[in-house]
Amino acid sequence: MTAALFTPYSIKNVTFANRIVMSPMCMYSCEAQDGKATDFHYTHYTSRAMGKVGLIFTEAAAVTKQGRISPEDLGIWSDEHIEGLKKIVHLSQEHGAKVGIQIAHAGRKARVDGPILAPSAIPFDDGMKTPEEMTKQQINETIDAFREGARRAKEAGFDVIELHGAHGYLISEFLSPLTNNRNDEYGGSRENRYTFLQRTIDSVKEVWDGPLFVRISADEYNEEGNKIDDFIYFASEMKKQGVDLVDCSTGGIVPAKINPYPGYQVTHSEQIRHGAKIATGAVGLITHPLQAEEIIQNGRADLVFLARELLRDPYWPRKASVELNAELEPPKQYERGWN
Ligand SMILES: Cc1cc2nc3c(=O)[nH]c(=O)nc-3n(C[C@H](O)[C@H](O)[C@H](O)COP(=O)(O)O)c2cc1C
């Protein structure tokens, strides 16, 4: 029997050769602080494509300059970014990988000069700036920036777009009662707290009809925060809006002590997959081929996202194929050394 991890997976008209996804990881490598891709990015992502990862996500790319997690982040706030992104896409697609981009706004966790924005004027902690509470106009402009980012991603040829709705960045700040004290239509009830994401999805879908993922933090590690039922509600709404997959991470909303263990976020993926009947991705300390296989085989997620393990080993899919006794076609230049 073929290992489930190595079965193809299709969304809309895009087929990933296997269920292994490179999770988005900021590489802080735009040294000119202009958001443009560099030689590092071309080598870094292409290496994982040669390693036969089915879907490669670029790190979070900022939809506004002020929404960067750090000044060295990739950007997608200007048409000038398209050329470099196109090259990342092309180089990886050449080796059979599909390529996704995570588009993001860091909200109150932006570490940039000048004012930063958030749903409410509450800093993350004592060491971070106090953000400005967004006006309705700033909300509209930011939603437009997500749409423009999606338009540029399409022009660059990406196969998938993921909205970064996790880790305490802007979208998750709207979703969480811990960071959103607004008393207009964007705050209060969970229906209202979902409004920003709802409008962002609709706006992105005006220009993007390909696979759309949303990453969430499905556990806020705080008694007063959203609970799994809230995330099942959000995921059900996303499904109604045509989101294809919810990528289930946790944490980062407020300072909290987390004790991670292998696969510690897989149960969140499983609960959302079954609760909202939507495809999910599992991420977090997934490092062993059998562990990944168990997740897919038992329907706990549709895709497994690996982050640090793929930094350690860009050829992890090859190792997994050997351990799981699955066929994995090598880059043809590597045939003599693959098996
Ligand atoms: C260097 C580094 C940068 C990261 N940057 C991002 C990012 O840009 N977007 C994101 O959603 N998660 C980011 N993450 C989180 C990873 O995608 C992943 O969810 C986390 O590392 C857990 O998976 P792992 O145990 O396989 O590393 C980053 C993690 C690392 C180690």
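Here, every reference points to the structure presented above.
All values reported here derive from a predicted model rather than from experimental measurement.

Draft legend 1. Quick peek at the overall build of the protein chain. From N to C terminus, the protein chain includes 12 helices and 13 strands. Computed over its C-alpha atoms, the radius of gyration of the protein chain comes to 19 Å, within 12% of the 20 Å expected for a compact globule of 339 residues. Principal axes of the C-alpha set define a box for the protein chain whose edges measure 60 × 40 × 35 Å. Relative to all contacts within the protein chain whose residues are 6 or more apart in sequence, the contacts with residues 24 or more apart total 70%. A total of about 13800 Å² of accessible surface is found on the protein chain, and carbon and sulfur atoms cover 47% of it. Averaging the positions of the 38 positive and the 47 negative side-chain charges in the protein chain gives two centres separated by 2 Å.

Draft legend 2. Focus on the packing of helix α3 (residues 136-156) against helix α6 (residues 195-205). The interhelical angle for the contact between α3 and α6, taken along N-to-C directions, is 40°, at an axis separation of 8 Å. As α3 packs across α6, the resulting crossing turns out to be right-handed. For the pair α3 and α6, contact is made by Ile139, Asn140, Thr142, Ile143, Phe146, Arg147 and Ala150 and by Phe196, Arg199, Thr200, Ser203 and Val204, respectively. Tallied by class, the residues present in the contact of α3 with α6 amount to six nonpolar, four polar and two charged.

Draft legend 3. Structural detail: the site of the ligand. Around the ligand, a shell composed of 15 residues is seen, among which Ser23, Pro24, Gln102, Leu285 and Arg308 lie nearest. Here a nitrogen atom of the ligand and a backbone polar atom of Cys26 are 2.8 Å apart. Coverage of the ligand by the protein amounts to 83% of the 600 Å² it exposes when considered alone. Placement of the ligand is best described as lying within the largest pocket. Residues of the shell around the ligand, tallied by class, amount to eight nonpolar, five polar and two charged.

Draft legend 4. The pairing of strand β10 (residues 212-217), seen in detail. Of all six residues that make up β10, six are buried, and the element is covered over most of its length. Residues Leu212, Val214 and Ile216 point to one face of β10 and Phe213, Arg215 and Ser217 to the other, with burial holding for every one of them. As paired strands, β10 and strand β11 (residues 245-249) are joined by five bridges and run parallel to one another. Its bridge partner being in β11, Ser217 is matched across the sheet by Ser249. Of the crossover connections in this fold, the one passing from β10 over helix α7 (residues 228-240) to the parallel β11 is right-handed.

Draft legend 5. Seen up close, the nonpolar core. Core analysis: the biggest nonpolar cluster contains 82 residues, and Leu5, Leu163, Met238 and Ile272 have the highest contact counts within it. Sorting elements by how many residues they give to this core places α3 first, with seven residues. What Leu163 contacts, discounting residues up to four positions off in sequence, is Ile103, Phe146, Ile171, Leu197, Thr200, Ile201, Val204, Leu212, Phe213, Val214 and Arg215. By size, the runner-up hydrophobic cluster in this structure holds 14 residues, among which are Phe57, Phe213, Leu245 and Ala279.

Draft legend 6. Structural view of the layout of surface pockets. Here the largest pocket defines a volume of roughly 670 Å³. If you trace the largest pocket, you find 31 residues lining it, with Pro24, His167, Arg215, Ser249 and Ala307 closest to the centre. Ranked by residue count, the leading element in the lining of the largest pocket is helix α10 (residues 308-312), at three residues. The residue inventory of the lining of the largest pocket, partitioned by class, reads 15 nonpolar, 11 polar and five charged. Put simply, the second largest pocket is a space of about 240 Å³.

Thresholds applied
Residues numbered from 1 in each chain as written. Predicted model: local features only at pLDDT ≥ 70, side-chain atom pairs only at ≥ 80, totals over all residues. Heavy atoms only, no water. Helix = DSSP H or I, 4+ residues; strand = E, 2+ residues; numbered from the N terminus. Rg over C-alpha atoms; globule rule 2.2 N^0.38 Å. Contact = heavy atoms within 4.5 Å. Areas by Shrake-Rupley, 256 points an atom, 1.4 Å probe, with all protein chains shown as cover. Lys, Arg positive; Asp, Glu negative; His and termini not counted. Charge placed at Lys NZ, Arg CZ, Asp CG, Glu CD. Axes fitted to C-alpha atoms, helices over the stretch in contact; angles between N-to-C directions. Left-handed = near helix turned anticlockwise from the far one by under 90°. Nonpolar A, V, L, I, M, F, W, Y, C, P; charged D, E, K, R; others polar. Near = heavy atom within 4 Å. Polar contact = N/O pair within 3.5 Å; in protein donor to acceptor, adjacent residues only side chain to side chain. 1 Å grid on protein atoms, 1.4 Å probe; cavity = no way out; pocket = protein on both sides within 12 Å on 5 of 7 lines; lining within 4 Å. Sits in = over half its atoms within 2 Å of the grid points. Buried < 20%, exposed > 50% of the residue type's maximum accessible area, 1.4 Å probe, protein only. Pairing = 2+ DSSP bridges. Right-handed = clockwise from strand over helix to strand, strands pointing away. Core = buried A, V, L, I, M, F, W, Y, C linked by side-chain atoms within 4.5 Å. Points joined across faces, edges and corners; volume = space filled by probe spheres on them.

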